[in-house]
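If you want the building blocks of each chain, they are given just below.
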Amino acid sequence: AQSVTQLDSQVPVFEEAPVELRCNYSSSVSVYLFWYVQYPNQGLQLLLKYLSGSTLVKGINGFEAEFNKSQTSFHLRKPSVHISDTAEYFCAVTTEEGGSEKLVFGKGTKLTVNP
Amino acid sequence: NAGVMQNPRHLVRRRGQEARLRCSPMKGHSHVYWYRQLPEEGLKFMVYLQKENIIDESGMPKERFSAEFPKEGPSILRIQQVVRGDSAAYFCASSPRQAIEAFFGQGTRLTVV
């Protein structure tokens, strides 16, 4: 079964520091990959997605992610974080298990940006 | 174009009561997905519906849970005889065609007391 592993449940960083949130997925077949952000008591907002083409994907709020097929990874990066980036981040991948296309999510990484 | 609208945002039910969660998809979207987020967990797929049809309910618990998406009106996720373990955030997403184009609502946070 398709699965997504987010290696760090919590990541504390200082403001203006770089950050990398790690994501690995299990399937070796073609997949689509996503990163979502969830602010407290809010819904999910799409940060970026990889469907095809360039393996480096740029998203909103200065985030980017790199698709690495050989390592089945899709790590999220930002060169300089702000206090406002404090949120929970979810990596997701598509699957067709069960008969239709749907998203499988990781357990999330809580990013805390400290002053 | 309003986003995906879910209501209520917060719902408190006593054990044994029924919970009804509503989802109005974005205009022009005929595909609806329901996901559940348990505390400290990611979102887990429950059910995928198109107008008047359940396409995939492979993530739905076999008992007490049901979903519908009528020709007119919002999609409804219904939980009968709620138990404490049903306490979670329930998210709806809608898309015009495929899951990869889905937009999420703000969720309904169900608390069973």
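A.B. asks: Quick question: what am I supposed to make of the overall build of chain A here?
C.D. replies: Counting its secondary structure elements, chain A contains 0 helices and 12 strands. For chain A, the succession of helices and strands along the chain, N to C, is β-β-β-β-β-β-β-β-β-β-β-β. Scaling as 2.2 N^0.38, a compact globule of 115 residues should have a C-alpha radius of gyration of about 13 Å, and chain A matches this with 14 Å. Reported as C-alpha extents along the three principal axes, the dimensions of chain A are approximately 45 × 30 × 20 Å. Out of the 115 residues in chain A, the part that is buried amounts to 46%.

A.B. asks: Hey, could you run me through the interface of chain B and chain A in this one?
C.D. replies: Tallying the contact residues gives 22 residues for chain B and 23 residues for chain A. Between chain B and chain A the total buried area reaches about 1800 Å² when both faces are included, carbon and sulfur atoms providing 52% of it. Broken down residue by residue, the surface that chain B buries against chain A is led by L43, I100 and F104 of chain B, which jointly contribute 31%. Linking chain B with chain A are 3 salt bridges. With its nearest N and O atoms 3.8 Å apart, the salt bridge here joins K107 of chain A to E41 of chain B. Applying the counting criterion to the chain B and chain A interface returns 6 residue pairs in polar contact (both at pLDDT 80 or more). Counting only elements with at least two residues in the side of chain B that touches chain A, the list comes to strand 4 (31–37), strand 5 (43–50) and strand 6 (53–56) of chain B. Along the lines of polarity and charge, the residues of the side of chain B that touches chain A split into 11 nonpolar, 6 polar and 5 charged.

A.B. asks: Help me understand unusual backbone geometry in this model?
C.D. replies: Across residues other than glycine, the phi torsion is negative in most instances, and most of the peptide bonds are trans. Following N7 of chain B, the chain continues into P8 of chain B via a peptide bond in cis, with omega recorded as -5 degrees. Positive phi outside glycine occurs at N61 of chain A, with the angle close to 60 degrees. For N61 of chain A, the location among the structural elements is in the loop between strand 7 (56–58) and strand 8 (64–68). In this structure N61 of chain A comes out as partly exposed when scored by relative accessible area, which is 39%.

A.B. asks: Hey, could you run me through the packing of aromatic side chains in this one?
C.D. replies: Aromatic rings considered in pairs are described by the distance between their centres and by the relative angle of their planes. Under the counting rule described, the total for this entry stands at 11 aromatic pairs over all chains. Each ring, one from Y25 of chain A and one from F67 of chain A, has its centre 6.4 Å from the other, and the planes form 20 degrees; the classification is stacked. Highlighted residues: Y25 of chain A in strand 4 (residues 24–25) and F67 of chain A in strand 8, separated in sequence by 42 residues. Neither residue differs from the other here; Y25 of chain A and F67 of chain A are each classed as buried. Grouping aromatic residues by their ring pairs yields a cluster made of F34, Y36 and F105 of chain A together with Y35, F45 and F104 of chain B. Against the face of F45 of chain B rests K102 of chain A, its NZ or CZ located 4.8 Å from the ring centre.

A.B. asks: Would you mind going over the confidence of the model for chain A with me for this structure?
C.D. replies: Caution applies to low-pLDDT parts of the model: their predicted coordinates are not meant to be read in detail. For chain A, the mean per-residue pLDDT works out to 92, and 99% of the residues sit at or above 70. Mean pLDDT per element in chain A: strand 11 (residues 102–105) of chain A is the minimum at 91, and strand 3 (residues 19–21) of chain A is the maximum at 98.

A.B. asks: I tried to follow the layout of surface pockets on my own but got confused; where do I start?
C.D. replies: One simple way to see leftover space: roll a probe sized like a water molecule over the atoms. In this structure, the largest pocket occupies an estimated 380 Å³ of space. Q38, P40, E88 and K110 of chain A together with Q37 of chain B are the residues nearest the centre of the largest pocket, which is lined by 18 residues in total. For the lining of the largest pocket, the secondary-structure elements that each account for two or more residues are strand 10 (87–95) and strand 12 (109–114) of chain A together with strand 9 (88–95) of chain B. In the lining of the largest pocket, the residues fall into 8 nonpolar, 5 polar and 5 charged.

A.B. asks: How should I be thinking about the state of the cysteines in this particular structure?
C.D. replies: A disulfide bridge is the covalent bond that connects two cysteines by way of their sulfur atoms. All names here are of chain A. Summed over the entire model, instances satisfying the criterion amount to 2 disulfides over all chains. The disulfide partner of C23 is C91, and the S-S distance across this bridge is 2.0 Å. Negative torsions about the S-S bond denote left-handed disulfides, and the value of about -65 degrees found for C23 with C91 makes this one left-handed. Taken together, the positions of C23 in the loop between strand 3 and strand 4 and C91 in strand 10 put the pair 68 residues apart, joining distant regions of the chain. Pair check on accessibility: C23 and C91 agree, each one buried.

About the cut-offs
- Residues numbered from 1 in each chain as written.
- Chains lettered and ligands numbered in written order.
- Predicted model: local features only at pLDDT ≥ 70, side-chain atom pairs only at ≥ 80, totals over all residues.
- Heavy atoms only, no water.
- Helix = DSSP H or I, 4+ residues; strand = E, 2+ residues; numbered from the N terminus.
- Rg over C-alpha atoms; globule rule 2.2 N^0.38 Å.
- Buried < 20%, exposed > 50% of the residue type's maximum accessible area, 1.4 Å probe, protein only.
- Contact = heavy atoms within 4.5 Å.
- Buried area = accessible area lost by both parts, 1.4 Å probe.
- Salt bridge = Lys/Arg side-chain N within 4 Å of Asp/Glu carboxyl O.
- Polar contact = N/O pair within 3.5 Å; in protein donor to acceptor, adjacent residues only side chain to side chain.
- Nonpolar A, V, L, I, M, F, W, Y, C, P; charged D, E, K, R; others polar.
- Phe/Tyr/Trp six-rings, centres within 6.5 Å; stacked < 30°, edge-to-face > 60°.
- Lys NZ or Arg CZ within 6 Å of the ring centre and 35° of its normal.
- pLDDT = per-residue confidence, 0-100.
- 1 Å grid on protein atoms, 1.4 Å probe; cavity = no way out; pocket = protein on both sides within 12 Å on 5 of 7 lines; lining within 4 Å.
- Points joined across faces, edges and corners; volume = space filled by probe spheres on them.
- Disulfide = S-S within 2.5 Å.

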